[in-house]
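# Geometric and topological summary
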Amino acid sequence: MDPMDWLEKDELLRFFHRHKTEMSLMENPHTFLNQLRDHDLVPEDHYKKVSRMKSKDNIKNGLYGILDWLEKERSKSIKDFWRCVFREPILHQYPTLRELRNSLMDGSFHFETQEPETVETEETDEGKRKDLSDDEEGEENQASSVKKKMKLRSEKSVCDDEEEQAGPSSRSSPRKKSKKTSPLKKGEKNDIWTWTMFKHQLPVTCGQKEGSLNRDRLAKGEKCIAVGKQWFTPNEFQTFAGRKSCKNWKWNIRCKDTSLGKLIKEGHLKAANYKRGGKKAKKSLFPSGDVVTVSEEDEDADEDKDEDEDCDQDKEDQVSSSSKESSTAVTDEEGEEQPEQQPEASRDSGRKVFKVTCGALAGTLHKKRFASGTRGKSIRTETSWMSPVEFIKEASCPTDASWRKDIKYEGEPLSVLLEAEILSIDSPNCTCRNCKPSVTDLESQKNDDECSICKIEEEEEEELVVCDHCPRSFHQKCHLPHVEDTILGDDSLWMCTFCVFRTNRDCFYCDELEREAAMSRQISQRMLQCQYLLLYLSSADEEQIFASNPCLYLQNYSMVIKTPMWLGNIADKLQEQLYKTVGEFVSDVQLIFTNCASYNRDNAEYLAAGNRLKELFDGEMKNVFNISE
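Since we're looking at a predicted model, the values are computed, not measured.

So, how was this worked out
Residues numbered from 1 in each chain as written. Predicted model: local features only at pLDDT ≥ 70, side-chain atom pairs only at ≥ 80, totals over all residues. Heavy atoms only, no water. Helix = DSSP H or I, 4+ residues; strand = E, 2+ residues; numbered from the N terminus. Salt bridge = Lys/Arg side-chain N within 4 Å of Asp/Glu carboxyl O. Core = buried A, V, L, I, M, F, W, Y, C linked by side-chain atoms within 4.5 Å. Buried < 20%, exposed > 50% of the residue type's maximum accessible area, 1.4 Å probe, protein only. Expected span 1.5 Å × (residues − 1). Polar contact = N/O pair within 3.5 Å; in protein donor to acceptor, adjacent residues only side chain to side chain. Phe/Tyr/Trp six-rings, centres within 6.5 Å; stacked < 30°, edge-to-face > 60°. Lys NZ or Arg CZ within 6 Å of the ring centre and 35° of its normal.

Moving on: unusual backbone geometry. Omega for the peptide link from Leu480 to Pro481 comes to -5 degrees, which places this bond in the cis form. Of note, Pro481 is situated in the loop between strand 18 (473-474) and helix 20 (497-504). For Gln544, which is not glycine, the phi dihedral falls at a positive 55 degrees. Following the sequence through the fold, Gln544 ends up in the loop between helix 22 (527-540) and helix 23 (557-560). One non-glycine residue, Gln577, adopts positive backbone phi at about 55 degrees. When you line up the elements, Gln577 lands in the loop between helix 24 (567-575) and helix 25 (582-599).

The structure is reproduced here in structure tokens:
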């Protein structure tokens, strides 16, 4: 997390002013000077003059002169200054700089709106000191002191001879004695979200990821969390942190160990509604008449949205509706008696998606969509969404099968999740989208609520394009090829690249190929296969570990890895047709796994994730290009 993301220029300038002396006293400051020179923050003549000095005292005085020059002449570049000296290699060499950065991060430095009072003032014309008799006289003398100090500094230049260098200990202009101040004002609580410096931005974390939360953007429902130069919605930041399965961002994103949900509840933060509707836009991908889609549908009524959100919130908080709170047994549409639920702790209480089986059929049950055995298409298979009853029928279970008993989760019947109140059956009178779906809702339930590639749910400003031949959904720019605006709006059905590849798979190769022969093929003739392989790999990257540029969130990554590569970069190169051969494309993909192995030698979790994806890619590539062993 970069403090420059939320601190204003004048705050950083005051911080700089207070710590010039500390920085000038750093031992062996030549690397520090080199960094300033490399970022064009110090003139060449100033740099050479100080770098030629031998005496430690003169070096310190000369460095102070450079910092003083920076404050006066390059104040507009103050953010650039702190960014360049807060780089990890520089922080590693200079503990003083690391302490300064920490004081910005934890708020221990208080950005006062007024400078500390002047204790003494000097009249340079007569060389006499006067006591301040009243507030008015003190203010006038203080202003005069500052003017004389600035004048004296302007007369002394870093370009003077080594012997004439004036540093913090030899300046004759009056220096203000700064008072040690608490980061809190009088009567102010020790809560970071109440501090003046965090009026507009708050440092937040989710897992191991850090970011900066913009309060105004959060209140407007916009992308509000900055990581480097990239903005995320709360849900996207949660996914970026590897916690995609945890849908309730209000309790997963924290500020100083306090959840955003608590801050919102107590009135410290205002948050717009980031919930997304289940409706998706059906749009056409290919302009040809062979593959098409259904036209875009109208927005759902506000009342339905409110009902759906209320139902979802009940499930998030795991609070049963009034009918579920009754101690008597409840019967659903199948006539099966629901056993009285006994709340108990469970390690799966926070889980939102469950891998389930019924006989040989496997799928994933999504808590958000679950309503009952017959209501709500909550189980997703590779080919479709279905209700629990439809799932057991698809599995060809006996006619007397019970979905509670015959659908298994980790070897246990689904009734275990019901008894633990991890899943709850909606009231027969519930009117949410899952229980009383409209025609639009029924259509929406056929496809995923999140993009199959980036794992981010649909947003109001960016709808999902859905496939009419499988449950997948995509953002326009996540699918390959991209779904361009110019080809949207066709009234026919649309088939995604996964389905296009599967439909035409048997037509690609008859004979086995040697790996070298397959890699030498022109990619223009094998574009569909390469697009499919990358989409397959991106979809398998559930936690989106390899989706983005690692240099954006790993500070020392570029020091270890000389040629970074990530899935989004390869997707862009495919879209722009920058590869000439299949081998060039495969080489970039393999570079991701090579980099992962090099960087994560001591991180077993990420190393295993990279190896798993590598095995998936190698196996699928052999199948796609019919490569012989």
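Having seen the model, we can carry on.
This next bit is on the pattern of salt bridges. Enumeration according to the criterion identifies 15 salt bridges in this entry. A salt bridge links Lys614 to Asp618; the shortest N-O distance between them is 2.9 Å. Linking Lys614 with Asp618, this pair stays in helix 26 (residues 604-625), spanning 4 residues, or about one helical turn. Taken together, the salt bridges that share partners define one network made up of Lys20, Asp68, Glu71 and Lys72.

Here we take up the nonpolar core. Most often, soluble globular proteins have nonpolar side chains that are buried together. One finds Leu574, Phe585, Phe617 and Phe625 to be the most contacted residues of the largest nonpolar core, which totals 51 residues. Counting residues per element, the ones that place at least two in this core are helix 20, helix 21 (515-519), helix 22, helix 24, helix 25 and helix 26. If you look at the next biggest cluster of nonpolar residues, it comprises 31 residues, including Leu7, Val50, Leu63 and Ile90.

Counted at 1.5 Å a residue, the expected span for helix 5 (residues 56-73) with its 18 residues is 26 Å, and the 25 Å between its end C-alpha atoms agrees. The complete set of buried residues in helix 5 reads Asn58, Ile59, Asn61, Gly62, Leu63, Tyr64, Gly65, Ile66, Leu67, Asp68, Leu70 and Glu71. Put simply, Ser55 is the residue that caps the front of helix 5, since its side-chain oxygen is 3.4 Å from the backbone nitrogen of Asp57.

Scanning the entire structure with this criterion turns up 21 aromatic pairs. Above the ring of Trp385, the side-chain terminus of Arg369 is found at 3.7 Å from the ring centroid. When the ring centre of Phe498 is taken as reference, the NZ or CZ atom of Arg472 above it lies at 4.0 Å.

So yeah, pure geometry; function would need other evidence.
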